[in-house]
Amino acid sequence: MRLDGKKILITAAGQGIGRASAEACAREGAEVIATDINEELLGDLGGERIETARLDVTSADEIAELSARIGQLDGLFNCAGVVHSGSVLDIADSEWERAFDLNVTAMMRLTRTCLPGMIERAEEAGTASILNMSSMASSIKGFTNRAVYGASKAAVIGLTKSIAADFVTKGIRCNALCPGTVDTPSLRERIAKAADPAQAERDFIARQPMGRLASVDDIVPMVVYLLSDESRFVSGQAVLVDGGVTI
Ligand code: NAD
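Let me begin by describing the structure that accompanies this report. Here the residue numbers are simple positions, counted from 1 along each chain's written sequence. Per-residue local features of the predicted model are confined to residues with pLDDT of at least 70, and side-chain atom pairs are confined, for both listing and counting, to 80 or more; whole-chain, interface and lining totals are unaffected and use all residues. Excluded from the side-chain calculations are hydrogens and water; all other atoms, namely the structure's heavy atoms, are used.

1. Looking at the overall build of the chain
Of regular secondary structure, the chain possesses eight helices and seven strands. What the globule rule says is 2.2 Å times the number of residues to the power 0.38, and the radius of gyration is computed from C-alpha atoms. In summary, the chain has a C-alpha radius of gyration of 17 Å against a globular reference of 18 Å for 247 residues, a match within 12%. In terms of overall dimensions, the chain has a C-alpha envelope of 55 × 35 × 35 Å along the principal axes. Accessible area is worked out with a 1.4 Å probe on protein chains only. A residue is then buried under 20% of its type maximum, exposed over 50%, and partly exposed in between. Each of the 247 residues in the chain was classed as buried or not, and the buried ones make up 51%. The contact criterion used is simple: two residues touch if any of their non-hydrogen atoms lie within 4.5 Å. Expressed as a percentage of contacts within the chain between residues at least 6 apart in sequence, the contacts between residues at least 24 apart total 70%. Surface accessibility follows the Shrake-Rupley procedure with a 1.4 Å probe radius. Residue values consider only the protein chains on display as shielding. Put simply, the chain shows about 11200 Å² of open surface, and 51% of that area lies on carbon and sulfur atoms. For the chain, the distance from the average position of its 25 positive side-chain charges to the average position of its 34 negative side-chain charges is 4 Å. Where helices and strands are cited, they refer to DSSP runs of H or I of at least four residues and of E of at least two residues respectively, numbered from the N terminus. Charged-residue counts in this description rest on Lys and Arg as positive and Asp and Glu as negative, His and the chain ends being excluded. Where a charge sits is defined by one atom per residue type, namely NZ (Lys), CZ (Arg), CG (Asp) or CD (Glu).

Below is the structure:
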């Protein structure tokens, strides 16, 4: 019960890393508010210590409404994000704006809304933790066809370090998580859409030196650690869980 007594909000918890994180945090004793824009995906997630709620992280109104309803938090995992494929020559302004809106601006808005309550919780509990989903791909190590994605996920690291620096004396810790390639529904969609899906899958695996994709179970132990008090001396870090890509 490494998260006993903690109230944690997770975005994009309908599938993939967000969903596995919600389940893992509840198993470790947290009271989890698992949110997603897609309520159908949240359907079978509710259970002991998990409350589900619709949240489109790009909607300022939905953020304000949910935050007022759930009250103060000990943990916030900003997991929602979108992968845009293409080089800088392929980016339409609207795609750039959408990627930054979802991957960065939404994270800033939700954090700005939840932070005052988290500071109050940290005064009582000693610490509260914000975890922001970044990525290894093109924010830490360059990859082809990830221009918008890399730029937005690098911005997440800058936002993370700024929050960490501004609130370190208030008991707030803020870290960014940078996974390698993780086998999730959206990765499967990207593979299926490729001209040669079998080759696309081989290419994703080939860039992982351990010779396999990550599963969500490779990633969630770090999520639990960074949201727990075990990481109480860790803040402002871009934490790589990438199967050795950046060795
Ligand atoms: P996914 O992409 O399969 O699922 C994303 C979830 O986000 C879906 O449930 C979807 O409904 C939800 N979502 C989409 N728009 C939303 C919005 N506006 N508001 C709230 N929820 C919304 O899951 P994943 O692959 O685990 O990715 C989760 C995060 O991890 C993303 O930020 C992604 O960039 C990051 N990431 C993924 C990988 C990977 O290889 N899968 C690697 C590094 C980082």
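2. Quick word on the nonpolar core
By nonpolar core we mean a set of buried residues, namely Ala, Val, Leu, Ile, Met, Phe, Trp, Tyr and Cys, connected to one another through side-chain atoms within 4.5 Å. Core analysis: the largest hydrophobic core is formed by 32 residues, its most contacted members being Ile 10, Cys 25, Val 32, Phe 77, Ile 219 and Leu 227. Where this core is concerned, the elements lending two or more residues are strand 1 (7-10), helix 1 (16-27), strand 2 (31-36), strand 5 (128-133), helix 8 (216-227) and strand 7 (238-241). Here this core gets seven residues from one element, more than from any other, and that element is helix 8. Setting aside residues up to four positions removed in sequence, Val 32 forms contacts with Ile 8, Ile 10, Ala 22, Cys 25, Ala 26, Arg 49, Ile 50 and Glu 51. Of all hydrophobic cores here, the second largest spans 26 residues; its members include Ile 33, Leu 102, Ala 106 and Ile 119.

3. Remarks on the packing of aromatic side chains
Within 6.5 Å between ring centres, the rings of Phe, Tyr and Trp (the latter by its six-membered ring) count as paired, and their orientation is classed by plane angle as stacked under 30 degrees, edge-to-face over 60, tilted in between. Tallied over the entire structure, the rule returns one aromatic pair. Where Trp 96 meets Phe 100, the ring centres are 4.6 Å apart and the plane angle is 25°; that geometry is what we call stacked. Here Phe 100 and Trp 96 lie together in helix 4 (residues 93-125), a separation of four residues that amounts to about one turn. Judged by its relative accessible area of 36%, Trp 96 falls in the partly exposed class. We call a charge positioned above a ring when the Lys NZ or Arg CZ atom is no farther than 6 Å from the ring centre and deviates by at most 35 degrees from the ring normal. In this structure, Arg 207 is placed above the aromatic ring of Phe 143, and the distance from its NZ or CZ to the ring centre is 4.3 Å.

4. Some remarks on the pairing of strand 7
By the alternation rule, side chains of strand 7 split into Val 239 and Val 241, which are all buried, and Ala 238 and Leu 240, of which none is buried. Two elements, strand 6 (residues 172-179) and strand 7, share four bridges in a ladder whose sense is parallel. Across the sheet, the residue bridging to Ala 176 is Ala 238, located in strand 7. The pairing criterion is simple: DSSP has to find at least two bridges between the two strands.

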